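So you can see what is in the structure, the chains are spelled out below.
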Amino acid sequence: MSYNGIWNRATDLSKDEITEPHVQFVYDIFAPALSFHNHSGWEKVFPGREYKEKLCVALKNYDLYADAAQVYNELLAEDEKRGKLDANTLRKAALCNLKSKNYAQAYVQLDKADIIEGGDLWTKRKMAECLFKQGDMRGALAHMKEAEKLAPNNTDIKLEIVHILMSMDKYGEALEVMSGIQVMDNVKFKTEIGRQKARCNLYIGNVEGYFEDIEMVPDNELTLADKMNTGLAYLCLKEKAKALPHLKSFISSIATSDRWMFYTDCRYRRQMIGWMTKKYCISELSIIMAFDEVLMLCEGSC
């Protein structure tokens, strides 16, 4: 990527406000360099690889990751021709590709870095992230378990494993992972683990376990999904009077145009109605009627 190329791109966008990242980048970075070095451009001031490396740093500082990835890809192509690929440059390129949602290329670069310099925790976690973003849950789980072996006491990694398992609907396995996490007095981890354990218990039909675990989540930390789940849990126990306030709190927080979408198509309802009707002998009609009542209450008060 040349100075002229970036300048041309910026002038194409010059009608936008100065806060547009490409324009801001040119005015802040290139204009001062040109004025100090007699309009020679960064290629003259920092020749060859040094220029491209400094350009990457500047682009990342302006969150222009796709542009930085393009420059890194050029550097890596040059390195590959010389047979001197560097794991650190591969990781930097992969991060830029990951942030610009080019997950496939990011994974290829991370894989090469892992071959050159195996055992890097960050690389393993990012490889898992790339595959997760592409929908490959099995591959993501495999890489995250490799990361866990490198850092067996890392709570963040264990929670990432839980997230992947829940995305695979493996709620029992997720509960097993969480049972081995030592949170001590860390409020952040206690809250997150309480929330995820509660959801897993609800999804496998353990309503009593749901109520026990959701107590670990402070009221001011309850999400919309938590309110929805609590309402459903009370419906399972046939305590409609207790369920309605939670469902109303959930639905009234949603824009009116989105309420029926959540009611008819939300993930929680689709996943749970099956076991709710079987395990707790609740008819689907009674669930629908409860939602109807909540919707009418919300429409009348919102």
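Residue positions are counted from 1 within each chain, in the order its sequence is given. Side-chain atom pairs in this predicted model are given and counted only at pLDDT of 80 or more, local residue features only at pLDDT of at least 70, and totals for whole chains, interfaces and linings cover all residues. Water and hydrogen atoms were dropped before computing side-chain values, which therefore reflect all heavy atoms in the structure.

*Asks:* Which residues make up the overall build of the chain, and what are the values?
*Replies:* A run of DSSP states H or I qualifies as a helix once it reaches four residues; a run of E qualifies as a strand once it reaches two. Both are numbered from the N-terminal end. From N to C terminus, the chain includes 18 helices and zero strands. Sequence separation of at least 24 residues holds for 54% of the intrachain contacts in the chain that already meet a minimum separation of 6. Approximately 16,000 Å² of the chain is accessible, and the part contributed by carbon and sulfur atoms is 52%. What makes two residues a contact is simply this: any of their non-hydrogen atoms within 4.5 Å. Working definition of accessibility: Shrake-Rupley area with a 1.4 Å probe, residue cover restricted to the visible protein chains.

*Asks:* Explain the packing of helix α14 (residues 224-236) against helix α15 (residues 240-252) to me, and be specific about the residues and the numbers.
*Replies:* For every element, the axis is a line fit to its C-alpha atoms; helices are fit only across the contacting stretch, and the angle between N-to-C directions ranges from 0 to 180 degrees. Between α14 and α15, the least distance of the axes is 8 Å, while the angle of their chain directions is 160 degrees. Considering the angle they form, α14 stands roughly antiparallel to α15. The crossing of α14 and α15 is left-handed. Residues Leu-224, Lys-227, Met-228, Thr-230, Gly-231, Leu-232, Tyr-234 and Leu-235 of α14 form the contact with α15, whose own contacting residues are Lys-240, Lys-242, Ala-243, His-246, Leu-247, Ser-249 and Phe-250. Lys, Arg, Asp and Glu make up the charged group, whereas Ala, Val, Leu, Ile, Met, Phe, Trp, Tyr, Cys and Pro make up the nonpolar group; the residues left over, Gly among them, are polar. Within the contact of α14 with α15, the residues separate by chemical class into eight nonpolar, four polar and three charged. Roughly parallel means an angle under 35 degrees; roughly antiparallel means over 145; roughly perpendicular covers 65 to 115; every other angle is labelled oblique. We call a crossing left-handed when the near helix sits turned anticlockwise from the far one by less than a right angle, and right-handed when that turn is clockwise.

*Asks:* Can you break down the side chain of Asn-97 residue by residue, with the values?
*Replies:* Tracing the backbone through its elements, the reader meets Asn-97 in helix α6 (residues 87-99). Three labels apply to residues, based on accessible area from a 1.4 Å probe with only protein chains included: buried if under 20% of the type maximum, exposed if over 50%, partly exposed otherwise in between. Judged by relative accessible area, which is 2%, Asn-97 ranks as buried. Those residues in contact with Asn-97 that lie beyond four places of it in its chain are Ala-69, Asn-73, Asn-102, Tyr-103, Gln-105, Ala-106 and Gln-109.

*Asks:* Please provide a residue-by-residue account of the nonpolar core, values included.
*Replies:* As used in this record, nonpolar core signifies buried Ala, Val, Leu, Ile, Met, Phe, Trp, Tyr and Cys residues forming a set joined through side-chain atoms within 4.5 Å. Judged by nonpolar contacts, the single largest core of 50 residues is most densely connected at Met-144, Met-166, Ala-174, Met-178, Ile-193, Cys-200 and Tyr-210. The residues touching Ile-193, leaving out its near neighbours within four places in the chain, are Leu-159, Met-178, Ile-181 and Val-183. Listed in part, the 17 residues of the second largest apolar core include Tyr-51, Ala-69, Leu-90 and Ala-113.

*Asks:* Let's hear about α6: which residues, and what values?
*Replies:* In this model, α6 (13 residues) spans 18 Å end to end at C-alpha, consistent with the 18 Å of a helix rising 1.5 Å per residue. Directly beyond the C-terminal end of α6, a positive phi value near 65 degrees is found at Lys-101. Helix span, expected: 1.5 Å multiplied by one less than the number of residues in the helix.

*Asks:* Describe the environment of Leu-224, listing the residues and the values that go with them.
*Replies:* By secondary structure assignment, the location of Leu-224 is in helix α14. Residue Leu-224 is classed as partly exposed on the basis of its relative accessible area of 36%.

*Asks:* Report on the packing of aromatic side chains, specifying residues and quantitative values.
*Replies:* Put simply, two rings from Phe, Tyr or Trp (the six-membered ring, in Trp's case) pair if the centres are within 6.5 Å, and we call them stacked under 30 degrees between planes, edge-to-face over 60, tilted for the rest. Per the counting criterion, the structure on display carries three aromatic pairs. With 5.5 Å between their ring centres and 75 degrees between their planes, Tyr-210 and Phe-211 make a pair best called edge-to-face. Taken as a pair, Tyr-210 and Phe-211 share a single burial class, namely buried. Considering the side-chain rings of Phe-211 and Tyr-234, the 4.7 Å spacing of their centres and the 50 degrees angle between planes classify their relative orientation as tilted. Remark: Tyr-234 occurs in helix α14 and Phe-211 occurs in helix α13 (residues 207-214); sequence separation between them is 23 residues. Taken as a pair, Phe-211 and Tyr-234 share a single burial class, namely buried.

*Asks:* An account of the pattern of salt bridges is requested, with residue identities and associated values reported.
*Replies:* Between Lys or Arg on one side and Asp or Glu on the other, a salt bridge is scored when a side-chain nitrogen of the former is within 4 Å of a carboxyl oxygen of the latter. With the rule as written, the count across this model stands at 13 salt bridges. With a closest N to O distance of 3.1 Å, Glu-129 and Lys-126 form a salt bridge. Of this pair, Glu-129 and Lys-126 both sit in helix α8 (residues 121-133), three residues apart, which is roughly one turn of the helix. Owing to a relative accessible area of 28%, Glu-129 belongs among the partly exposed residues under this scheme. Of the residues examined, Lys-126 reaches a relative accessible area of 21% and is grouped as partly exposed. Linking Lys-158 and Glu-148 is a salt bridge whose minimum nitrogen-to-oxygen distance equals 2.9 Å. Taken as a pair, Lys-158 in helix α10 (residues 155-167) and Glu-148 in helix α9 (residues 137-150) lie far apart in primary sequence, 10 residues in all. Judged by relative accessible area, Lys-158 falls into the buried class, the value being 14%.

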